[in-house]
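Breakdown of the fold
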Amino acid sequence: MSAASCLLTEDQFLCSICLDVFTDPVTIPCGHNFCKACITQHWNVNVPYQCPNCKKLFYTRPELKVNTFISEMAAQFRQSAQQKASSSSSEQQAAKPGEVPCDVCTGTKLKALKSCLVCLDSFCETHLEPHLTRAGLKRHQLINPVENLEGRMCTKHDKLLELFCKTDQMCVCKLCTVLDHKNHDVVPLKEEYEGKKAELEKTDDEIQQMIQKRRLKIQEIKHSVELSEEDADREIAGGVQVFTALKESVERSQAELIDTIKEKQRKTEKQAEGLIKELEQEICELKKRSTEVEQLSRSEDHLHLLQSFRTLKAAPPTKNWTGVTVSPPSYEGTVVRAVTQLEETLSNQMKKLVAEVELKRVQQSAVDVTLDPDTAQPNLILSDDGKQVQHGNIWKNVPDNPKRFDTGVIVLAKQSFSSGSFYYEVQVKGKSEWELGVVRESINRKGSITLTPQKGLWTICLRTENEYSALDVPPVRLSLKSRPQKVGVFVDYEEGLVSFHDVDAAALIYSFTGCCFTEKLYPYFNPCLNDGGKNSAPLIISPVNHTE
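What you see is a predicted model; the values in this text were computed from it and never measured. (Residues numbered from 1 in each chain as written. Predicted model: local features only at pLDDT ≥ 70, side-chain atom pairs only at ≥ 80, totals over all residues. Heavy atoms only, no water.)

Once that is clear, we can look at the pattern of salt bridges. Tallied over the full model, the rule gives 14 salt bridges. Here E192 ties to K166 by a salt bridge, and the two come within 3.0 Å at their closest N and O atoms. In this pair, E192 sits in helix α7 (residues 189-297) while K166 sits in the loop between β9 (163-165) and β10 (170-172), placing the two residues 26 residues apart along the sequence. Using a relative accessible area of 8% as the deciding quantity, one classes E192 as buried. On the basis of relative accessibility, which here comes to 34%, the residue K166 falls in the partly exposed class. Measuring nitrogen to oxygen at the nearest pair gives 3.8 Å for the salt bridge that ties K319 to E278. In this pair, K319 is assigned in the loop between α8 (302-311) and α9 (334-363) and E278 in helix α7, connecting sequence segments 41 residues apart. Taken together, the salt bridges that share partners define one network made up of K166, E192 and K196. (Salt bridge = Lys/Arg side-chain N within 4 Å of Asp/Glu carboxyl O. Helix = DSSP H or I, 4+ residues; strand = E, 2+ residues; numbered from the N terminus. Buried < 20%, exposed > 50% of the residue type's maximum accessible area, 1.4 Å probe, protein only.)

Right, here's the structure in full:
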């Protein structure tokens, strides 16, 4: 028997229904063999009675006869397979919790490598071998091991779920399409799988884009935090500078107050010392006189006393001290005057320090600005680098485009701004008249121009006789302590702010607040007429040197 078994292959002892070595093999009339339990179950479900292999029909249920020869051979093969599985189990891994176990293994369940969608079983390496070698089993669909393969069967018809009803959006078996889903839009699972997989890939692409956008937003937020931290550090440094300077001023004023009071006290002490010294000198002279008088009074020589009395020196001249006093100095008003003076000093110093801090802050928004020759009035002369402009007496032959000013001696910058903040500086040294500021894009560029915020211009100017004005409604006359040589222009678009600064004096000149900006803003330059050469100096856009 052993020798004979060596001539036969294991496939010849496998039941074509359960795909395992025969258990209680029986032969049906057509000559094919099956496990008794497998063919019995098959015929209990499928009528008429048909051979699973050759499809031969039997009109009455055949009697099942045990095949003793195959039974003995199958027993040997089962024993051999168990020994083989036992020897290989030491090399293969037993299924751990959460892993899919082999459905064929007896005893220790090994880890399944594949699951079969036809057999509805999972197989370890050993029990998977028939699916890899037998031609009939190779056609079965193998997938990565999964649990609950029974869930792939139709609970109503006990058939494999291999179709998808698009109408009801559910998996169905072939019998479902004839009964419950008749005339529905039904497609193979693979077709719907491909469609859904494409949708998932599209969804994943969208999710990845959303993730990327959120990562960019995180970077944007982090950058905003970094900028905020830098701004906070600058503000803290500026605040510390201001309060340190104010503290030093208070300490100086305190020291001066103490010195003033002490000086008054020293003068009082010096006066008292002089009076005391004078009194002590008189006391000394009087003591000498007293000694002479005492000595003479003790003399018992009548002649001597009478003769000496006439020659006794007259009493030394003394001062009438009745009205002499040392009055304590008056400190009334000393502290009040010191505090009043301190308040004035602090107020002026605070304004100066705040202006310096503010100038440092706005200078952080410095931008590079150049003049746009397409906007320049024909009498204007621009430098090649676009940084200087002055009025000339010659009308240049230039194209009259819609952007160009034809009457006001005006030129705009090439750069425009519609968000955030920006700052630039212009040298006005040597000029007797000028206008600077920002304008909105839609301002009138032909004919006369009204310089007011309502018309879209936020500007300040210098007129003859050192007259500075902010061109608001009504115009605001500006009182400046010094004549600006360089003017800084700052705009915060969202805040609606336009401010002008005297760069050298670190002083605020004027601010337009509460502005409503709705379109692009352009830096505005007007060098004014050259006035026969008196105002020929150019306006010069200067690089911003951040104040220390």
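Now for the sheet that holds strand β7 (residues 121-123). Across the sheet, 3 strands lie side by side as β7-β6-β8; this open sheet has antiparallel pairing. If you trace the sheet from one side to the other, it starts and ends with β7 and β8 (142-143), each paired once. Pairing between strand β6 (residues 114-116) and β8: 2 bridges, direction antiparallel. Residue S115 lies in a different strand from β8, and its bridge partner there is I143. Contacts from helix α4 (residues 125-133) reach β6, β7 and β8, with the element oriented near 110 degrees to β7. (Pairing = 2+ DSSP bridges. Contact = heavy atoms within 4.5 Å. Axes fitted to C-alpha atoms, helices over the stretch in contact; angles between N-to-C directions.)

Take the nonpolar core next. In this structure, W434, V487 and F525 are the most contacted members of the largest nonpolar core, which totals 37 residues. Every residue in contact with V487, bar those within four places of it in the chain, is listed here: Y424, E425, V426, V428, W434, L436, I460, F500, H501, V503 and I509. With 19 residues, the next largest nonpolar core counts F58, M73, A74 and F77 among its residues. (Core = buried A, V, L, I, M, F, W, Y, C linked by side-chain atoms within 4.5 Å.)

A few words now on the packing of aromatic side chains. If you walk through the whole model with that rule in mind, you get 9 aromatic pairs. Taking the centre distance of 5.4 Å and the plane angle of 45 degrees together, the rings of Y493 and F517 count as tilted. Here Y493, found in the loop between β20 (486-492) and β21 (497-502), pairs with F517, found in the loop between β22 (507-512) and β23 (521-526); they are 24 residues apart in sequence, far enough to count as distant. Assessed through its relative accessible area of 11%, Y493 is described here as buried. Cation over ring: K319 sits above W321, and NZ or CZ is 4.8 Å from the ring centre. (Phe/Tyr/Trp six-rings, centres within 6.5 Å; stacked < 30°, edge-to-face > 60°. Lys NZ or Arg CZ within 6 Å of the ring centre and 35° of its normal.)

So, on to α9. For α9, spanning 30 residues, the distance from its first C-alpha to its last is 43 Å, which sits close to the expected 44 Å at 1.5 Å a residue. Those residues of α9 that fall on the buried side of the exposure criterion are T334, L342, L346, L353, A355, E356, V357, L359, V362 and Q363. If you follow the buried residues of α9, they end up packed against α7, β15 (421-427), β20, β21 and β22. (Expected span 1.5 Å × (residues − 1).)

Successive side chains on a regular strand alternate, one facing one side of the sheet and the next facing the other. When you tally the buried positions in β21, you get 6 out of 6 residues, the bulk of the element. Burial along β21 is two-sided: L497, S499 and H501 facing one way and V498, F500 and D502 facing the other are all buried. Alignment of β20 against β21, held across 6 bridges, turns out to be antiparallel. Residue pairing across strands places V489 opposite F500, the latter belonging to β21. With 5 bridges joining them, β21 and β22 adopt antiparallel strand pairing. Bridging across to β22, S499 finds its partner in S511. Taken together, β21 and the strand that follows it, β22, pair antiparallel across an intervening segment of 4 residues, in which A506 is found at a positive phi of about 50 degrees.

Right, let's get into the side chain of K486. For K486, the position within the fold is in strand β20. Although K486 lies buried, it forms no salt bridge, and the closest oppositely charged side chain, E425, sits 4.4 Å away as judged by the N-O distance. Not counting chain neighbours up to four residues away, the residues in contact with K486 comprise E425, V426, Q427, V428, H501, D502, V503, D504 and S542. (Lys, Arg positive; Asp, Glu negative; His and termini not counted.)

Turning next to the state of the cysteines. What the rule picks out here adds up to 0 disulfides. No disulfide involves C35; its nearest neighbouring cysteine sulfur is the one of C18, lying 3.8 Å away. C176 forms no disulfide, and the closest cysteine sulfur to it belongs to C173, at a distance of 3.4 Å. (Disulfide = S-S within 2.5 Å.)

In this structure, P474 follows V473 across a cis peptide bond, with omega equal to -5 degrees. Positive phi is not limited to glycine here, since K55 has a value of about 70 degrees. Within the secondary structure, K55 sits in the loop between β3 (49-50) and β4 (57-58). Even without glycine at this site, Q169 takes up a positive phi of about 55 degrees. Overall, the relative accessible area of 47% leaves Q169 in the partly exposed class.

Further remarks concern a negative patch on the surface. The grouping of E194, E201, D204, D205 and E206 at the surface amounts to a negative patch. The residue E206 is located in helix α7 in this model. Overall, the relative accessible area of 40% leaves E206 in the partly exposed class. (Patch = residues over 30% accessible without salt bridge, like charges linked within 9 Å, V, L, I, M, F, W, Y side chains within 5 Å. Areas by Shrake-Rupley, 256 points an atom, 1.4 Å probe, with all protein chains shown as cover. Charge placed at Lys NZ, Arg CZ, Asp CG, Glu CD.)

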